[in-house]
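Report on the structure
Next come the chains, spelled out residue by residue.
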Amino acid sequence: MKSNKIILIGFMGSGKTTFGKKLASKLDLPFIDSDLEISMNENKSINELFAEDGEDYFRDLESTFIQNLMKSDQDFVLSTGGGLPCFKDNMEVLNQLGTTIYLEMSPQALLKRLENGLDDRPLLKDLTENELLTYISQKLEERTPYYQKAKIIFPGINAKKGSEIDSLINRLNS
Ligand code: S3P
């Protein structure tokens, strides 16, 4: 394989963690989740970090986290928080680090997947049902230019199809 550092990016709810674990097991690589690592290092949940320390502090932690990965020669499949590629020069850093894959999904599909996962997402947890689709659509539009800098764009809808995953793996190997 060209690069043994695979980085999944995409909006909240696009399936980065589920798909990342599947990909990591198929490629026999360790799976890392940026939110989980940051939360463990700080000994706080993502909600607590946003509420007690603020979003800017969290964004600094995200940048430091990927800068540190640049110093390591460890191989991995990394799932990143939905906002991580969209702050500072993080997207450039990720593209230098390894093979970035954008899990692309429509606002409607994201809404369906997010409806049951609002409580642990500080940016969504206080929105009403009516506000949610508008928020997702606007945020996704704002973030798409960053996500589209990924080396590979993979339709999230295919993330459950074995044949599509195999063809993605072939692409990673070529
Ligand atoms: C965020 C996405 C979350 C988490 C934090 C902020 C964002 O990660 O990093 O709540 O700005 O989109 P997931 O994409 O894993 O939900």
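Here, the structure is the one placed above.
Scope of this entry: the structure provided in the associated data block.

**Description of unusual backbone geometry**
For D28, which is not glycine, the phi torsion reads 60° and is therefore positive. Its place among the elements puts D28 in the loop between α1 (16-27) and β2 (31-33). Residue classification places D28 among the exposed positions, given a relative accessible area of 70%. Even without a glycine there, the phi angle at N43 is positive, about 60°. Of note, N43 is situated in the loop between α2 (34-42) and α3 (46-53).

**Considerations on the site of the ligand**
In the vicinity of the ligand lie 15 residues, with K16, D35, R59, R121 and R143 positioned nearest. Contacts to the ligand include R59, whose side-chain N or O atom sits 2.7 Å from an oxygen atom. Contact distances for the ligand include 2.8 Å between an oxygen atom and a backbone N or O atom of G82. Protein chains shield 94% of the accessible area of the ligand, which is 390 Å² for the free molecule. Here the ligand is seated within the largest pocket. Top contributing element to the shell around the ligand by residue count: helix α4 (residues 55-70), with three residues.

**Things to note about the packing of aromatic side chains**
All chains considered together, the criterion is met by three aromatic pairs. When the centroid spacing of 5.0 Å and the interplanar angle of 45° are considered together, the rings of F50 and F58 count as tilted. Each member of the pair, F50 as well as F58, is classed as buried.

What counts as what
Residues numbered from 1 in each chain as written. Predicted model: local features only at pLDDT ≥ 70, side-chain atom pairs only at ≥ 80, totals over all residues. Heavy atoms only, no water. Helix = DSSP H or I, 4+ residues; strand = E, 2+ residues; numbered from the N terminus. Buried < 20%, exposed > 50% of the residue type's maximum accessible area, 1.4 Å probe, protein only. Near = heavy atom within 4 Å. Polar contact = N/O pair within 3.5 Å; in protein donor to acceptor, adjacent residues only side chain to side chain. Areas by Shrake-Rupley, 256 points an atom, 1.4 Å probe, with all protein chains shown as cover. 1 Å grid on protein atoms, 1.4 Å probe; cavity = no way out; pocket = protein on both sides within 12 Å on 5 of 7 lines; lining within 4 Å. Sits in = over half its atoms within 2 Å of the grid points. Phe/Tyr/Trp six-rings, centres within 6.5 Å; stacked < 30°, edge-to-face > 60°.

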